[in-house]
Amino acid sequence: MAGSPSSSAQQARDALAARLKEVMFRAGLDGVKVAAAAGWHPSKSSRILTATTLPGVADIEAWCRVCGVPEQADDLVATMFAVDEMYAQWRRRERGGLTRLQDSYRPLYERTKTFRTYSSDVVPGFLQTHAYAKALFATISRFRGVPDDSEQAATARVERSGIMRRPGRTFAFLVEEAVLYYRSADAATMAGQLDHLRAVMAYPQVSIGIVPLAADRRDIWAMETFTLFDGTRASSELLAAEVNVIVPSEIDDYVKAFAALSTLAVYGTEARVLIGRAYESFA
């Protein structure tokens, strides 16, 4: 997986800008003329054409109207929404509270049949206890400066995780051993979380692999946390945003990375030993 995990989102922005530029050139216009006809400052069309700013619905409609192709607006607006979803800033998504953010994932989770998650920083959401999730959400609230609805957000996350017990779905999790030791909550909460992790390993539809600290990483490295939803979408979590990849060739990179990391992980009894060792450090 070469390059920044947000590269696909930027490439999509560039592609949208290129389409708007083509529309403009076919109309025999330039950025200054488009801006003047639309009633904008010239710098606005420049930012759109350089993919510095993602245009809004009204911007695209005005652009197409000025260029004499209003019939192309709907297609370009649909493209804009797809680009906007690919790189979703946490601050914008968390504006309505963390509980609403958790609920927003329900449609995606309901229609997905195969989940594959690699985590390098926290215990995956599906595997979190209420206390562990609440501690994480409280930390996020303080860091982002958003309303602290950690109790309700944790409840929403745990309730959503109930789909693990429904038939017809499979879940594969890969967790870095270091995650078991990251003090994301108080010692009692951490111990409870690790105990829960061992319990979930008994679910027939769930596979949990632990990537040991001593794993030989010459073929694949630790990377950002990501989830594969069936084979149609990969979501990667960055500090400032969530990147959603829908380009098949790029999804293939995540599939390849997950497969390579899977070969480094230990399962069953060996995984339980590593979890138990971490549990003892908090008990």
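Residues numbered from 1 in each chain as written. Predicted model: local features only at pLDDT ≥ 70, side-chain atom pairs only at ≥ 80, totals over all residues. Heavy atoms only, no water.

Trainee: Which residues make up the overall build of the protein, and what values go with them?
Mentor: In terms of helices and strands, the protein carries 13 helices and seven strands. A principal-axis box enclosing the C-alpha atoms of the protein has dimensions of 70 × 40 × 35 Å. Out of the 283 residues in the protein, the part that is buried amounts to 48%. When contacts within the protein are restricted to residue pairs at least 6 apart in sequence, long-range pairs at least 24 apart make up 75% of them. Just so you have it, the protein exposes about 13,600 Å², and 55% of that area is on carbon and sulfur atoms. (Helix = DSSP H or I, 4+ residues; strand = E, 2+ residues; numbered from the N terminus. Buried < 20%, exposed > 50% of the residue type's maximum accessible area, 1.4 Å probe, protein only. Contact = heavy atoms within 4.5 Å. Areas by Shrake-Rupley, 256 points an atom, 1.4 Å probe, with all protein chains shown as cover.)

Trainee: Quick rundown of the packing of helix H2 (residues 31-38) against helix H4 (residues 57-66)? Include the residues and the values.
Mentor: With their axes 10 Å apart at the nearest point, H2 and H4 run at an angle of 110° to one another. Taken together, the axis directions place H2 and H4 in an arrangement best described as roughly perpendicular. Here Val 34, Ala 37 and Ala 38 of H2 lie close against H4, whose contacting residues are Ala 62, Trp 63 and Val 66. A breakdown of the residues in the contact of H2 with H4 according to their chemical character gives six nonpolar, no polar and no charged. (Axes fitted to C-alpha atoms, helices over the stretch in contact; angles between N-to-C directions. Parallel < 35°, antiparallel > 145°, perpendicular 65-115°, else oblique. Nonpolar A, V, L, I, M, F, W, Y, C, P; charged D, E, K, R; others polar.)

Trainee: So what's going on with the pattern of salt bridges? Residues and values would help.
Mentor: Applying the stated criterion across every chain yields a total of ten salt bridges. Residues Asp 59 and Lys 44 are paired through a salt bridge, measuring 2.8 Å at the closest nitrogen-oxygen approach. Of this pair, Asp 59 sits in helix H4 while Lys 44 sits in helix H3 (residues 42-49); the two residues are 15 residues apart in sequence, bridging distant segments of the chain. Residue Asp 59 is classed as buried on the basis of its relative accessible area of 16%. With relative accessibility at 22%, the residue Lys 44 sits in the partly exposed group. (Salt bridge = Lys/Arg side-chain N within 4 Å of Asp/Glu carboxyl O.)

Trainee: Which residues make up the environment of Ala 88, and what values go with them?
Mentor: Residue placement: Ala 88 occurs in strand E1 (residues 87-89). Beyond its immediate stretch of four places on either side in the chain, Ala 88 contacts Arg 93, Ala 241 and Glu 242.

Trainee: Got a sec to walk through the environment of Pro 212? Specific residues and values, please.
Mentor: The residue Pro 212 is located in the loop between strand E4 (206-211) and strand E5 (226-229) in this model. With residues up to four places along the chain from it excluded, the contact list for Pro 212 reads Glu 177, Arg 217, Leu 264, Ala 265, Val 266 and Leu 274.

Trainee: Break down H3 for me, with residues and values.
Mentor: Buried within H3 are the following residues: Ser 45, Ile 48 and Leu 49. Buried residues of H3, seen end-on, are gathered within an arc of 95° and therefore sit on one face of the element. Directly after H3, the chain includes Ala 51, whose backbone phi takes a positive value near 60°. (Arc of directions from axis to C-beta.)

Trainee: So what's going on with the nonpolar core? Residues and values would help.
Mentor: General note: in soluble globular proteins, nonpolar side chains tend to be found buried as a group. Core analysis: the largest hydrophobic core is formed by 35 residues, its most contacted members being Ile 208 and Ile 210. Those elements giving two or more residues to this core turn out to be helix H8 (106-111), helix H9 (130-144), strand E3 (170-176), helix H11 (187-200), E4 and helix H13 (268-282). Setting aside residues up to four positions removed in sequence, Ile 208 forms contacts with Leu 127, Phe 173, Leu 197, Val 200, Met 201, Val 266, Tyr 267 and Ala 271. Formed by 23 residues, the second largest nonpolar core is a distinct cluster that contains Leu 20, Ile 60, Cys 64 and Val 69. (Core = buried A, V, L, I, M, F, W, Y, C linked by side-chain atoms within 4.5 Å.)

Trainee: Which residues make up the packing of aromatic side chains, and what values do they have?
Mentor: Inspection of every chain in the model, using the stated rule, returns 13 aromatic pairs. On the numbers, 5.0 Å between centres and 70° between planes, the contact of Phe 226 with Tyr 254 is edge-to-face. In this pair, Phe 226 sits in strand E5 while Tyr 254 sits in helix H12 (residues 248-264), placing the two residues 28 residues apart along the sequence. The two residues Phe 226 and Tyr 254 agree in class, both being buried. A network of ring pairs unites the aromatic residues Tyr 105, Tyr 109, Phe 115, Phe 126, Phe 171, Phe 173 and Phe 229 as a single cluster. (Phe/Tyr/Trp six-rings, centres within 6.5 Å; stacked < 30°, edge-to-face > 60°.)

Trainee: Quick one: what's the story with the packing of H2 against H3, residue by residue and with numbers?
Mentor: Across the interface, H2 lies against H3 with an axial gap of 8 Å and an inter-helix angle of 125°. Considering the angle they form, H2 stands oblique to H3. Here H2 runs over H3; the crossing is right-handed. Of H3, the residues touching H2 (which contributes Gly 31, Val 32 and Ala 35) are Pro 42, Ser 45 and Leu 49. The class makeup of the residues in the contact of H2 with H3 is four nonpolar, two polar and no charged. (Left-handed = near helix turned anticlockwise from the far one by under 90°.)

Trainee: Could you give an account of the pairing of E4, with specific residues and numbers?
Mentor: The buried count for E4 comes to five of six residues, which makes it a mostly enclosed element. The pairing of E3 with E4 spans six bridges and is parallel. Its bridge partner lying in E4, Phe 171 is registered against Val 206. (Pairing = 2+ DSSP bridges.)

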